[in-house]
Amino acid sequence: MDTLVEIQNVTKTIKGRTIIDSLSFNVNEGEVFGFLGPNGAGKTTTIRMIVGLIGITSGDIKILGHSIKTDFEQAIKHIGGIVENPEMYKFMSGYQNLIHYARMSQGVTKEKIKETVEFVGLTDRIHDKVKTYSLGMRQRLGLAQCLLHDPKILILDEPTNGLDPAGIREIRDHVRKLARERGMAVIVSSHLLAEMEMMCDRIGIIQQGKLIDVQHMTDFVQGKEKIYEIEVDEKERISEILSQMELPVQATENGIALPLTREKIPGIIKEIVSHDIQIYSVKEVNKTLEDRFLELTSKKEGLSHD
């Protein structure tokens, strides 16, 4: 896969305070990259630098090899994005809004507008005034606006804010389709961790302006050790036995849970049975992105807002 976005050792300082600290990561063609972090971590600041809304103190950002700092026009023409909420002219129809935005780029035909409207599912309402649109429809119109000039990179900052479950699923499906069928690189920032888990191929977690982890979603969520729940009657006794083996045991409703690699399970079962404790079941408990995210970020406090 080709690398379409390169964040190269980027630092942003405002009034002597380092907001973004030596940030580096790449986003590839055909992937959805989730950008996660607590409030104040620097997500929106980073996105604003990528689209050129604020300057870079040091380092560089390259879009298809073009520097945002030194070749802005060539770099930015490959980007479509919604930073926070899409702003529309509410007294105009959705179609009139798209015609207006199409004038900002060369070569956007009426056929292209029609195709984009069909893609986001607004054909039946595109000639209605935007003030009559629901929040979900406005988000879809914003997405259409982003896609008019056929960008290679799509950047969405909190794209599902305020949407109902059906609207959230629509945006997710559109994002996955754009990456899969058009080979776009999509960067998504969101607080809805369960949604990000279903949408993203890789994630990067930022905290206090520093990147603390970048991994494929499945690798990040599961890790090398998985959580196994062992259903037993004598929870306190088994906890004492396994604690002596320096294993981090947690009590559950039906028994105990502990992190293990698959290879260690037979030895643990053998140890429990050797103490005449009955085992009723052993099952893997899947971690969620929320679990892993909180594990990584809950250690640091004192964060301000983005």
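Residues numbered from 1 in each chain as written. Predicted model: local features only at pLDDT ≥ 70, side-chain atom pairs only at ≥ 80, totals over all residues. Heavy atoms only, no water.

- Per an unreviewed UniProt entry, the protein goes by ABC-2 type transport system ATP-binding protein and derives from Cytobacillus eiseniae.
- Per UniProt, the comment on the protein under Sequence similarities (unreviewed entry) is "Belongs to the ABC transporter superfamily." (UniProt positions renumbered as here; feature names shortened; annotations may be inferred.)

1. Things to note about the pairing of strand E10 (residues 210–216)
Here's step 1: Two strands pair when backbone bridges link them, and strand E9 (residues 202–207) and E10 are joined in this way by six bridges, in the antiparallel orientation. Pairing of Gly-204 across the sheet is with Val-214, part of E10.
Here's step 2: Counting the residues between successive antiparallel strands, the hairpin from E9 to E10 contains two residues, one of them, Gln-208, with a positive phi of roughly 50°. (Pairing = 2+ DSSP bridges. Helix = DSSP H or I, 4+ residues; strand = E, 2+ residues; numbered from the N terminus.)

2. Quick look at helix H10 (residues 265–273)
Here's step 1: Listing the buried residues of H10 in full gives Ile-265, Ile-268 and Ile-272. When H10 is viewed along its axis, its buried side chains cluster within an angular range of 65° and face the same direction. Away from its buried face by more than 90 degrees, H10 exposes Pro-266 and Lys-270. (Buried < 20%, exposed > 50% of the residue type's maximum accessible area, 1.4 Å probe, protein only. Arc of directions from axis to C-beta.)

3. Regarding the layout of surface pockets
Here's step 1: The volume enclosed by the largest pocket comes to roughly 880 Å³.
Here's step 2: What lines the largest pocket is a set of 27 residues, and nearest its centre among them are Ile-76, Ile-79, Gly-80, Ser-105 and His-149.
Here's step 3: Among the elements that make up the lining of the largest pocket, the one with the highest residue count is strand E6 (residues 79–82) (four residues).
Here's step 4: Here the lining of the largest pocket is built from residues that sort into 13 nonpolar, 10 polar and four charged. (1 Å grid on protein atoms, 1.4 Å probe; cavity = no way out; pocket = protein on both sides within 12 Å on 5 of 7 lines; lining within 4 Å. Points joined across faces, edges and corners; volume = space filled by probe spheres on them. Nonpolar A, V, L, I, M, F, W, Y, C, P; charged D, E, K, R; others polar.)

4. Description of unusual backbone geometry
Here's step 1: Of note, Lys-15 is a non-glycine position whose phi angle comes to about 55°, a positive value.
Here's step 2: Looking at where Lys-15 falls in the secondary structure, it is placed in the loop between strand E1 (3–14) and strand E2 (17–28).
Here's step 3: With relative accessibility at 87%, the residue Lys-15 sits in the exposed group.
Here's step 4: Phi angles above zero are rare outside glycine, and Ser-22 is one such case at about 50°.
Here's step 5: Tracing the chain through its elements places Ser-22 in strand E2.

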